[in-house]
Amino acid sequence: MVAPEIDLPAELWLKILGYLPKGTARKMIGVNRFLFELALDDLYQEIKLIHDDETTLKTFKQLHHTNIANRVHSCLIYPEFLPPHDDETQYLTSTHQKKVPKFLRRVSNNQNGQTLLETAKHALRLCPNIEEVTIILDHYRVMTSSCKTFLSSLWSPTSIGRNLRKLAIDTAPSHSEMVERSLVKHSRALSKLQELELTLTIEAHDDHDAPSAMLHFSLVISAFKSTLTSVTITARARMQYDSRSFLRFLPFIPNLRKFSLECHYDVASRADPDQPDALGTFLDKHSSTLEHLTIESSSYEHEYAFEDLLTRWLSEPDQQPNDSTCLKDRGFSQMVLPKLHTLEIGLSVSWSNNYSESPSGFINNKPSRKLVSNLKEIAPNLISLVLLPHVALAPIRVSQLANSLTKPLNDGNAGVAFNLEKLSLFSRNLYPELFDMFSASLPRLKSLHLRTRGTAGRRREEGIQIKKDFRSDMEKRHYPHWELRYLRIVDGPNAWCPVVHPDITAMKVVKRCLSNNLTLDFAFHCPCEMVAVGLESTKYP
């Protein structure tokens, strides 16, 4: 006897699946027609070209069915089956083979994937709804002629380029010229491209190719400048490579609304006072359109006594020393971005530490710095501020941040609160004064995301006492006028789990101090044995 079909409204099924792990719909493919279609959508939402095996070949052959091809919306191309470079091949056959990444040992015997690439080239042309493509080309692999032909075919008017809206490319310097020529040649076919993400991964032996590779990136951006609304540039280097010169070649992008930059600024060099500030000049050109800005340094592990140039550009001196050799840098504090509503900043270790504790306020004749105090003037319409969790902020830095988010009145009395609605930061510790500061300086704050070190590195007894003290101190506090609606506090990692966990106890303690309906975010995914808890909500409405 056939079981009757479970007939529920589609909206109810979607709500149920929202509480279950991703991919659950695939396991319910036989329940009813709605879940069958939903499972197929999930199964073919993204097509992946990684391994040259029967499974991948079969997947691309299935795209000849219109019902399946129409479900594909994104494509990941990471050809691990390409042959390794000669030096890598020698390494593969050495006695150290076990130390080589597993993907380097997966070399296809089918003429380096020629059959698969040819099948994929024709199959992708049948997918009219592909809007996102991600391409990863690592330095370990040699670009074969068949792979070059395949990549170039993607941008032709008869392939997926005609509807492409987002393109992400992660490449090594050795492949950057090929990528640039292919895209520039077919730039007219990619008439709908709006989001471009370019990542350059620079290994130690690639440093001499890095400047030309960054120039190839600028040519790619120039080819699509008329349609782009979002540009992300990342330069990951394992050596002291200064990426500043590349910024001078970036073109004017008339419709740019989102710009993200992660690069290394050489700590050993000084900014040339006769040379214009490349990053500042670029932002000035786009001040009338820029809405979302991410500035991130990849120099997170410098010694405390140094300040990388990007941190110097983002921050401002607390004071100027008498030493005339210490130059006052032109930087972010002189920007005016009237449409900016989201600002994400990734600072280095140098900024997170409290230099002001020294008697003179300076270290090695360098002034103590703080996050710019005139954010209200720089971005009067800022709504969201995210300090990316690369370094934990000392209490003095958090205090400076709270002060910078309040515009002082001319008479020196209490300041005017910033209209910030979302704030995210990484604090060294969780202490009640955090909430005192933010409730006073940001009464209109709607969303707060805090990451702390929690009790990591402390003895168990000490950690328990810290949590008790926090709870006891918070019970004496009340914030009746604070408009906070969403709270997420996470801590870790620790000795038994390498990822952060929600601090459920701390969030519940804070909730008792507010009189409004506060949503607590308990969601997490980790490999440890911590039992998943019921959550009130997993996202801010």
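Residues numbered from 1 in each chain as written. Predicted model: local features only at pLDDT ≥ 70, side-chain atom pairs only at ≥ 80, totals over all residues. Heavy atoms only, no water.

Engineer: Which parts of the structure should I look at to understand the pairing of strand E5 (residues 195-202)?
Structural biologist: For a regular strand, side-chain orientation follows a simple rule: the groups alternate between the two sheet faces. Two elements, strand E4 (residues 166-171) and E5, share six bridges in a ladder whose sense is parallel. Looking at E5, one finds that Thr171 is bridged to Leu200. The β-α-β motif built from E4, the intervening helix H9 (residues 173-185) and the parallel element E5 has right-handed crossover chirality. (Pairing = 2+ DSSP bridges. Helix = DSSP H or I, 4+ residues; strand = E, 2+ residues; numbered from the N terminus. Right-handed = clockwise from strand over helix to strand, strands pointing away.)

Engineer: Any chance you could explain the pattern of salt bridges here in plain terms?
Structural biologist: As a working rule, side chains carrying opposite charge can pair if their charged atoms are close by. Counted by the stated rule, this structure contains ten salt bridges. Note that Glu483 is salt-bridged to Lys446, the shortest N-O span being 3.0 Å. With Glu483 in the loop between helix H18 (460-474) and strand E19 (486-491) and Lys446 in the loop between helix H17 (432-441) and strand E18 (447-452), this pair connects stretches of sequence that are 37 residues apart. One salt bridge connects Asp503 with Lys467, and the closest N-O pair in it is separated by 3.4 Å. Taken together, the residues Asp503 in the loop between strand E20 (501-502) and helix H19 (504-511) and Lys467 in helix H18 connect sequence positions 36 residues apart. We classify Lys467 as partly exposed; its relative accessible area is 40%. Among the charged side chains, a salt-bridge network with shared partners connects Glu433, Asp436 and Arg477. (Salt bridge = Lys/Arg side-chain N within 4 Å of Asp/Glu carboxyl O. Buried < 20%, exposed > 50% of the residue type's maximum accessible area, 1.4 Å probe, protein only.)

Engineer: Could you clarify how one ought to interpret the state of the cysteines in this entry?
Structural biologist: When the sulfur atoms of two cysteines share a covalent bond, that bond is a disulfide. Scanning the model with the defined rule gives zero disulfides in all. The closest cysteine sulfur to the non-disulfide-bonded Cys75 is located on Cys127, 8.2 Å from its own sulfur. (Disulfide = S-S within 2.5 Å.)

Engineer: What am I meant to see in the packing of aromatic side chains here?
Structural biologist: The geometry of an aromatic ring pair comes down to the distance between the two centres and the angle between the two planes. Counting across every chain of the model gives three aromatic pairs. Pairing Phe259 with Phe282 gives two aromatic rings, centres 4.7 Å apart and planes at 45 degrees, and the pair type is tilted. In this pair, Phe259 is assigned in strand E7 (residues 258-263) and Phe282 in helix H12 (residues 278-285), connecting sequence segments 23 residues apart. With centroids separated by 5.8 Å and ring planes inclined at 75 degrees, the aromatic side chains of Tyr479 and Trp482 adopt a geometry described as edge-to-face. Comparing Tyr479 with Trp482 shows no difference in burial state: the two are buried. Sitting above the plane of the Phe426 ring, Arg451 keeps its charged end 4.5 Å from the centroid. (Phe/Tyr/Trp six-rings, centres within 6.5 Å; stacked < 30°, edge-to-face > 60°. Lys NZ or Arg CZ within 6 Å of the ring centre and 35° of its normal.)

Engineer: So what exactly am I meant to see when it comes to the packing of H9 against helix H10 (residues 210-223) here?
Structural biologist: The relative placement of two packed helices comes down to the angle between their axes together with the axis-to-axis distance. Two elements in contact, H9 and H10, have axes separated by 9 Å at closest approach and are oriented at 20 degrees. Taken together, the axes of H9 and H10 are roughly parallel relative to one another. Here the hand of the crossing between H9 and H10 comes out left-handed. Contact with H9, carried on its side by Pro173, Ser176, Glu177, Glu180, Leu183 and Val184, involves Ala210, Ala213, His216, Leu219, Val220 and Ala223 of H10 and no other residues of that element. (Axes fitted to C-alpha atoms, helices over the stretch in contact; angles between N-to-C directions. Parallel < 35°, antiparallel > 145°, perpendicular 65-115°, else oblique. Left-handed = near helix turned anticlockwise from the far one by under 90°. Contact = heavy atoms within 4.5 Å.)

Engineer: What is the right way to read a nonpolar patch on the surface from this model?
Structural biologist: A cluster of nonpolar side chains, Val184, Leu215, Leu219 and Phe249, forms an exposed patch at the surface whose accessible area comes to about 330 Å². Inspection of the secondary structure puts Leu215 in helix H10. (Patch = residues over 30% accessible without salt bridge, like charges linked within 9 Å, V, L, I, M, F, W, Y side chains within 5 Å. Areas by Shrake-Rupley, 256 points an atom, 1.4 Å probe, with all protein chains shown as cover.)

Engineer: Where do I start with the nonpolar core in this structure?
Structural biologist: Here is a general trend for soluble globular proteins: nonpolar side chains tend to be buried in one another's company. The biggest cluster of nonpolar side chains holds 120 residues, and the ones touching the most others in it are Leu124, Val133, Leu151, Phe259, Leu293 and Phe435. Counting residues per element, this core draws most heavily on H10, which supplies six residues. Here Phe259 is in contact with Val231, Ile233, Leu250, Leu279, Phe282, Leu283, Leu290, His292, Leu293 and Thr294, once residues within four sequence places are set aside. (Core = buried A, V, L, I, M, F, W, Y, C linked by side-chain atoms within 4.5 Å.)

Engineer: I would appreciate a short explanation of the side chain of Arg451 in the present structure.
Structural biologist: Tracing the backbone shows Arg451 in strand E18. This buried residue, Arg451, is left without a salt bridge; Asp491 holds the nearest opposite charge, at 8.4 Å. Residues within four places of Arg451 in sequence aside, it is in contact with Pro389, Leu425, Phe426, Ser427, Val490, Gly492, Pro493 and Val500. (Lys, Arg positive; Asp, Glu negative; His and termini not counted.)

Engineer: Even after reading the chapter, I still don't get the environment of Ser222, so can you show me in this structure?
Structural biologist: Relative to the helices and strands, Ser222 is located in helix H10. Overall, Ser222 belongs to the partly exposed group, its relative accessible area being 27%. Considering only alpha carbons, one finds Ser222 and Ile253, 31 residues apart in sequence, at a separation of 8.1 Å. Side-chain polar atoms of Ser222 contact the backbone oxygen of Ser218, separated by 2.9 Å. (Polar contact = N/O pair within 3.5 Å; in protein donor to acceptor, adjacent residues only side chain to side chain.)

Engineer: Help me understand the confidence of the model for the chain, please; the structure alone is not making it clear to me.
Structural biologist: Low-pLDDT stretches of the model should not have their predicted coordinates read in fine detail. Mean pLDDT for the chain: 77, with 69% of residues reaching 70 or above. Below a pLDDT of 50 lies the segment residues 88-109, which in the model reaches 33 contacts outside its immediate sequence neighbourhood of four places, other chains included. Below pLDDT 50 for its whole length, residues 267-271 participates in 13 contacts with residues either more than four positions away or in separate chains. (pLDDT = per-residue confidence, 0-100.)

Engineer: Sorry, what's going on with the side chain of Ser230 here?
Structural biologist: Checked against the element boundaries, Ser230 lands in strand E6 (residues 230-237). The exposure class of Ser230 is buried, given its relative accessible area of 8%. In this structure, Ser230 is in contact with Gln194, Glu195, Leu196, Leu256 and Lys258, ignoring residues within four places of it in sequence.

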